[in-house]
Amino acid sequence: MKVLLVNGSPNKKGCTYTALKEIEKTLNGENIDTELYWIGLKPISGCTACKACAKTGRCAVNNIVNDFLDIAKDSDGFIFGSPVHYASTSGSIKSFMDCAFYTDLLSGGKSFYLKPAAAVVSARRAGTTAAFDQLNKYFTHAEMPIISSRYWNMVHGAKPEDVEKDLEGLHTMRVLARNMVWFLKCKEAGIKAGVPFPTNEERILTNFIRD
C-alpha cells in the first residue's frame, strides 16, 4: 500500500515538509510505502472551467496536475499539506487542488474515490483551523474518508527547527499516520472479505436559481 504526501508549500523543506516527514517516518515504520510530492515553485493557474478534461481526461492548463493524477490513480491514501497564508492555504495548492479534483471529477477518473485522505497545515501562530477546514472540503466532495488524529492536524513554527520543538504537533502527526494505516488495513480486509463498494446513483444537480 502507498500513501502520497503532497507538499503545497513554496519551501521544499520548510515547516510543512517537516510535518509530512514525521508522518512519512511513522507510515514507513508500519510498512506503508510513501512518496513525497512537492508542487514546486512554478506558477499554477487556477481552474478556468474550460471542461476540456471531460473529453481528454487531462487538464488543459497545468501539466503538473496531469503528472500528479498519473501518480494518484495508483495511490491508496493521501496527505495534503499546506502552510497558512492569511488564514488560508497557499495560493499554489489551492489552484493545484482545484484543477486536480475537477479534472478527476469531470473525466470520471476516480483517482480519489473512497481513498482515505487527511489535511495537514503549518503556521507560525494562527489561521490553521480555517486552512484545515478549506482542505477538507475537497475530500468530502470526492467521497474520500477523512482520517483524523487526536487533535486538528497542525504544527506551529516559523522555521523547521521550531516545528521540531512542537512536541504536541509532532505527536498529532504520528497519531494521524497510525490511524491512516489502520484504515488502509481495514479497507484491504473488507475488500478481501468481499464487502462491496457502495451502490452509485446517477448524480443530481439542482440549481438554486431557475427561470
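An unreviewed UniProt entry lists the chain under the name Multimeric flavodoxin WrbA, with Methanococcus maripaludis as the source organism.

Draft legend 1. Inspection of unusual backbone geometry at higher detail. Positive phi is not limited to glycine here, since Ala87 has a value of about 60°. Here the phi dihedral of Glu143 falls at roughly 60°; this positive angle occurs in a residue that is not glycine. Looking at the secondary structure, you find Glu143 in the loop between helix 5 (128-141) and strand 5 (154-156). The partly exposed category is assigned to Glu143, whose relative accessible area is 46%.

Draft legend 2. Seen up close, empty space enclosed by the protein. If you walk through the whole model with that rule in mind, you get 1 cavity of 30 Å³ or more. Each pocket or cavity is described by its volume, and for the largest cavity that value is around 90 Å³. What lines the largest cavity is a set of 13 residues, and nearest its centre among them are Cys47, Cys50, Cys53, Cys59 and Thr103. The element contributing the most residues to the lining of the largest cavity is helix 4 (residues 91-107), with 3 residues.

Draft legend 3. Here's a closer look at the UniProt feature "domain: NADPH-dependent FMN reductase-like" (unreviewed entry) in the chain. Mapped onto the present numbering, the UniProt feature "domain: NADPH-dependent FMN reductase-like" (unreviewed entry) falls at residues 1-157. In residues 1-157, helix accounts for 38% and strand for 18%; the two terminal C-alpha atoms are 31 Å from one another.

Draft legend 4. Here's a closer look at the sheet that holds strand 4 (residues 117-123). The strand order 2-1-3-4-5 describes an open sheet built from 5 strands, whose pairing is parallel. Two strands bound the open sheet, and with one partner strand each, they are strand 2 (33-38) and strand 5. Taken over all neighbouring pairs, the strand axes of this sheet differ in orientation by 15° on average, direction set aside. Strand direction decides the pairing type here: strand 4 and strand 5, joined by 3 bridges, are parallel. Within the sheet, the bridge partner assigned to Ala123 lies in strand 5 and is His156. Where helix 4 meets the sheet, it contacts strand 1 (2-7), strand 2 and strand 3 (77-83), and its direction lies at approximately 150° from that of strand 3. Together, strand 3, strand 4 and strand 5 form the strand contacts of helix 5, whose direction differs from that of strand 4 by roughly 155°.

Reading the values: rules and limits
- Residues numbered from 1 in each chain as written.
- Predicted model: local features only at pLDDT ≥ 70, side-chain atom pairs only at ≥ 80, totals over all residues.
- Heavy atoms only, no water.
- Helix = DSSP H or I, 4+ residues; strand = E, 2+ residues; numbered from the N terminus.
- Buried < 20%, exposed > 50% of the residue type's maximum accessible area, 1.4 Å probe, protein only.
- 1 Å grid on protein atoms, 1.4 Å probe; cavity = no way out; pocket = protein on both sides within 12 Å on 5 of 7 lines; lining within 4 Å.
- Points joined across faces, edges and corners; volume = space filled by probe spheres on them.
- UniProt positions renumbered as here; feature names shortened; annotations may be inferred.
- Pairing = 2+ DSSP bridges.
- Axes fitted to C-alpha atoms, helices over the stretch in contact; angles between N-to-C directions.
- Contact = heavy atoms within 4.5 Å.

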